[in-house]
Amino acid sequence: MSEVVKNKPRFGKMRLIDAVAGGYRLPLAGFVSILHRGSGMLMFLLLPFILYLLETSLSSESSFAVLKEFTSGVFVKLVILALIWAYLHHFSAGVRHLLMDLHMGLDKDTARKSAVAVLLLSLTLTAVVALKLFGVF
């Protein structure tokens, strides 16, 4: 009887360590879903900072000039770019999830194609914004 219990496959909840070290291969749609949650969390956590910057920029011309100087640094531009990516990815993945809630694109092939489309769209639009943000055009 103990041999049967030993050889029985383990099903149930997957832990983070199982996903990282256990050799589990996450499908692309799952990866997009995790990024959707992460981008939403990033935007939520940085919302007070963004609102503070907005309030500061609108209070006076001198505070706007100080804020403009602050945002001209490369590190701050990268943080802004990360927020822009988070918004673009969260929005496009959200549209994908809404379509899936309407029972559109639920089969494996279409779900993979829509996940690829979300990644390509968010990364392409972020690259265009990055070019503008860093003064290429």
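Attention here is on the structure that accompanies the text. This structure is a prediction, so every number in the text was calculated from the model and none was measured.

Comments concerning the overall build of the protein
No. 1: When its secondary structure is counted, the protein shows six helices and zero strands.
No. 2: Listing every helix and strand of the protein by position from the N terminus yields α-α-α-α-α-α.
No. 3: Split into buried and exposed, the 137 residues of the protein put 22% on the buried side.
No. 4: In the protein, of all internal contacts separated by at least 6 residues, the share reaching a separation of at least 24 is 73%.
No. 5: Total accessible area on the protein is roughly 10,600 Å²; 72% of this is exposed by carbon and sulfur atoms.

Some points on the packing of helix 3 (residues 28-59) against helix 5 (residues 74-101)
No. 1: In contact at an axis separation of 8 Å, helix 3 and helix 5 are set at 130° when each is read in the N-to-C sense. By the angle between their axes, helix 3 is oblique relative to helix 5. In terms of crossing hand, the pair formed by helix 3 and helix 5 is left-handed. Together, A29, V32, S33, L35, H36, S39, G40, L42, M43, L46 and I50 of helix 3 and A82, L83, W85, A86, Y87, H89, H90, A93, G94, R96 and H97 of helix 5 make up the contact between the two elements.
No. 2: Tallied by class, the residues present in the contact of helix 3 with helix 5 amount to 13 nonpolar, eight polar and one charged.

Examining the nonpolar core
No. 1: With five residues, the main nonpolar core is built from V32, A93, A115, V118 and L119.
No. 2: Of all the elements, helix 6 (residues 108-133) adds the most residues to this core, at three residues.
No. 3: Aside from chain neighbours lying at most four places away, what touches V32 is H89, A93, R96, A115, V118 and L119.

Thoughts on the pattern of salt bridges
No. 1: The final tally for this structure, using the stated rule, is one salt bridge.
No. 2: K113 is the salt-bridge partner of D109, the closest N and O atoms lying 3.3 Å from each other. Pair noted here: D109 and K113 are both in helix 6, with a separation of four residues, about one helical turn.
No. 3: What makes K113 exposed here is its relative accessible area of 54%.

What about unusual backbone geometry?
No. 1: With a phi close to 65°, H103 is a non-glycine residue in the positive phi region.
No. 2: In this fold, H103 is placed in the loop between helix 5 and helix 6.

Here we look at the packing of aromatic side chains
No. 1: Overall, the coordinates contain one aromatic pair when judged by the stated rule.
No. 2: Centroid distance Y87 to F91: 6.1 Å. Interplanar angle 25°. Geometry classified as stacked. Remark: F91 and Y87 occur in helix 5; sequence separation between them is four residues, near one turn of the helix.

Looking at helix 3
No. 1: In this model, helix 3 (32 residues) spans 45 Å end to end at C-alpha, consistent with the 46 Å of a helix rising 1.5 Å per residue.
No. 2: At L47, helix 3 shows its largest bend, some 45°, and a proline, P48, comes one to four positions later.
No. 3: Taken together, the buried positions of helix 3 are occupied by G30, V32, S33, H36, S39, G40, L53, T56 and S57.
No. 4: In this structure, the buried residues of helix 3 make contact with helix 4 (61-70), helix 5 and helix 6.

Thresholds, definitions, all that
- Residues numbered from 1 in each chain as written.
- Predicted model: local features only at pLDDT ≥ 70, side-chain atom pairs only at ≥ 80, totals over all residues.
- Heavy atoms only, no water.
- Helix = DSSP H or I, 4+ residues; strand = E, 2+ residues; numbered from the N terminus.
- Buried < 20%, exposed > 50% of the residue type's maximum accessible area, 1.4 Å probe, protein only.
- Contact = heavy atoms within 4.5 Å.
- Areas by Shrake-Rupley, 256 points an atom, 1.4 Å probe, with all protein chains shown as cover.
- Axes fitted to C-alpha atoms, helices over the stretch in contact; angles between N-to-C directions.
- Parallel < 35°, antiparallel > 145°, perpendicular 65-115°, else oblique.
- Left-handed = near helix turned anticlockwise from the far one by under 90°.
- Nonpolar A, V, L, I, M, F, W, Y, C, P; charged D, E, K, R; others polar.
- Core = buried A, V, L, I, M, F, W, Y, C linked by side-chain atoms within 4.5 Å.
- Salt bridge = Lys/Arg side-chain N within 4 Å of Asp/Glu carboxyl O.
- Phe/Tyr/Trp six-rings, centres within 6.5 Å; stacked < 30°, edge-to-face > 60°.
- Expected span 1.5 Å × (residues − 1).
- Bend = angle between axes of the 7 residues up to and from the residue.

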